[in-house]
Amino acid sequence: LVCDSECDVVRAACKLNQEEIDQENDVIEDIYQLDDSAYAMICHNPMVVTDEENCFTLDYTGPSYYLWAVGLSLAVGFSFLNAVALNLQKLSLNWHGDAKPVIQQPMWILGFFLLLLGSVMDFVALGLAPASLLAPLAALSLVWNMVAAP
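Residues numbered from 1 in each chain as written. Predicted model: local features only at pLDDT ≥ 70, side-chain atom pairs only at ≥ 80, totals over all residues. Heavy atoms only, no water.

Some words on a nonpolar patch on the surface
Rule in force here: To count toward a patch, a residue needs a relative accessible area over 30% and no salt bridge; like charges are then connected within 9 Å, while nonpolar side chains (Val, Leu, Ile, Met, Phe, Trp, Tyr) are connected within 5 Å. Here, Shrake-Rupley sampling with a 1.4 Å probe gives the accessible areas, and only protein chains in the shown set may cover a residue. Take a side-chain nitrogen of Lys or Arg and a carboxyl oxygen of Asp or Glu: if they are within 4 Å of each other, that pair is a salt bridge. The secondary structure listing takes helices from DSSP runs of H or I that are at least 4 residues long and strands from runs of E that are at least 2 residues long, numbered from the N terminus. When a residue's accessible area, from a 1.4 Å probe over protein chains only, is under 20% of the maximum for its type it is buried; when over 50% it is exposed; and in between it is partly exposed.
Taken together, Tyr65, Tyr66, Leu67, Trp68, Leu72 and Leu133 make up a surface patch of nonpolar side chains, about 610 Å² in accessible area. Examining the composition of the nonpolar patch, we find that five residues originate from one element, helix α3 (residues 65-96), more than from any other. Locating Leu133 in the fold gives a position in helix α5 (residues 131-134). For Leu133, a relative accessible area of 33% gives the class partly exposed.

Some details on the confidence of the model for the protein
Counted only if it meets this: Looking at any residue, its pLDDT shows the predictor's confidence there, from 0 to 100. For this analysis, residues touch if any pair of their heavy atoms sits within 4.5 Å.
With 57% of its residues at a pLDDT of 70 or more, the protein shows a mean pLDDT of 75. In this model, residues 21-34 is a region of pLDDT below 50 whose contacts with residues beyond four sequence positions or in other chains number 18 contacts. A low-confidence stretch, residues 48-54 (pLDDT under 50), is modelled with 15 contacts involving residues beyond four sequence positions or located in other chains.

With respect to the packing of aromatic side chains
The criterion, for reference: Here is the rule: rings of Phe, Tyr and Trp (six-membered ring for Trp) pair when centre to centre is within 6.5 Å. Planes less than 30 degrees apart are stacked, more than 60 are edge-to-face, and the remainder are tilted.
One pass over the full model with this rule turns up four aromatic pairs. For the pair Phe80 and Trp144, a centre-to-centre distance of 5.1 Å together with 80° between the ring planes defines the contact as edge-to-face. Of the two residues, Phe80 sits in helix α3 while Trp144 sits in helix α6 (residues 140-148), which places them 64 residues apart along the sequence. Here Trp144 falls in the partly exposed class, since its relative accessible area comes to 27%.

What about the packing of α3 against helix α4 (residues 106-128)?
Rules: Here, axes are lines fitted to C-alpha atoms. For helices the fit covers the stretch in contact, and angles between N-to-C directions go from 0 to 180 degrees. Convention used here: angles under 35 degrees read as roughly parallel, angles over 145 as roughly antiparallel, angles from 65 to 115 as roughly perpendicular, and any remaining angle as oblique. Here a crossing is called left-handed whenever its near helix is offset anticlockwise from the far helix by less than a right angle, and right-handed whenever the offset is clockwise. For this scheme, ten residues count as nonpolar: Ala, Val, Leu, Ile, Met, Phe, Trp, Tyr, Cys and Pro. Four count as charged, namely Asp, Glu, Lys and Arg, and the remainder, Gly too, count as polar.
In contact at an axis separation of 7 Å, α3 and α4 are set at 160° when each is read in the N-to-C sense. Taken together, the axes of α3 and α4 lie roughly antiparallel to each other. Note on packing geometry: the crossing formed by α3 with α4 is left-handed. When grouped by side-chain class, the residues that make up the contact of α3 with α4 number 25 nonpolar, eight polar and one charged.

A word on the packing of α3 against α6
The contact between α3 and α6 brings their axes to 8 Å, and the two run at 45°. Looking at the two axes, α3 sits oblique to α6. For the pair α3 and α6, the crossing hand works out as right-handed. Side by side, α3 and α6 meet where Val76, Ser79, Phe80, Asn82, Ala83 and Asn87 of the first sit next to Leu140, Ser141, Trp144, Asn145 and Ala148 of the second.

Considerations on α4
As a reminder of what qualifies: Multiply 1.5 Å by the residue count of a helix minus one, and that product is the helix's expected span.
Between its first and last C-alpha, α4 extends 33 Å over 23 residues, near the 33 Å set by a 1.5 Å rise per residue. Listed in full, the buried residues belonging to α4 are Gly111, Leu114, Gly118, Met121 and Ala125. Structurally, α4 contributes buried residues whose contacts are with α3 and α5.

Concerning the environment of Leu110
Tracing the chain through its elements places Leu110 in helix α4. Under the relative-accessibility criterion, Leu110 is labelled partly exposed at 45%. Between the alpha carbons of Leu110 and Leu88 there is a distance of 7.6 Å; along the sequence they are 22 residues apart.

Thoughts on the environment of Ser119
One can find Ser119 in helix α4. Using a relative accessible area of 37% as the deciding quantity, one classes Ser119 as partly exposed. For the pair formed by Ser119 and Ser79, sequence separation is 40 residues and the distance between their alpha carbons is 9.1 Å.

Right, here's the structure in full:
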């Protein structure tokens, strides 16, 4: 629910805009002036402007911290898979050198698919949690790389 002071502002805007429509009055405070679409959406919608107690009903209930935790876990998993995948690819290239093309090196291909899986995980994580929470976790790849590097 929106607080009563905000409800009063919207009611005043609806009232002033209705008077403007009725009387064609050009003198209206800018802070209360609503454009036509906002006026129709707010002032003529019984789901938005209700009685004095409820004033506005909002569907948004706040962030889902459960989804943030899932997104955070996926981002940590991505950083780990990223480090492992890059190390597998580098190890495969060191073992085989130029003797085999990378498409024939199973360890390099495994690293590629792990990197692909990690990138999908990161994409899903960004949909579940805010980027401001996940962006610092990208540096975690450096930590995993120090641990996993041969």
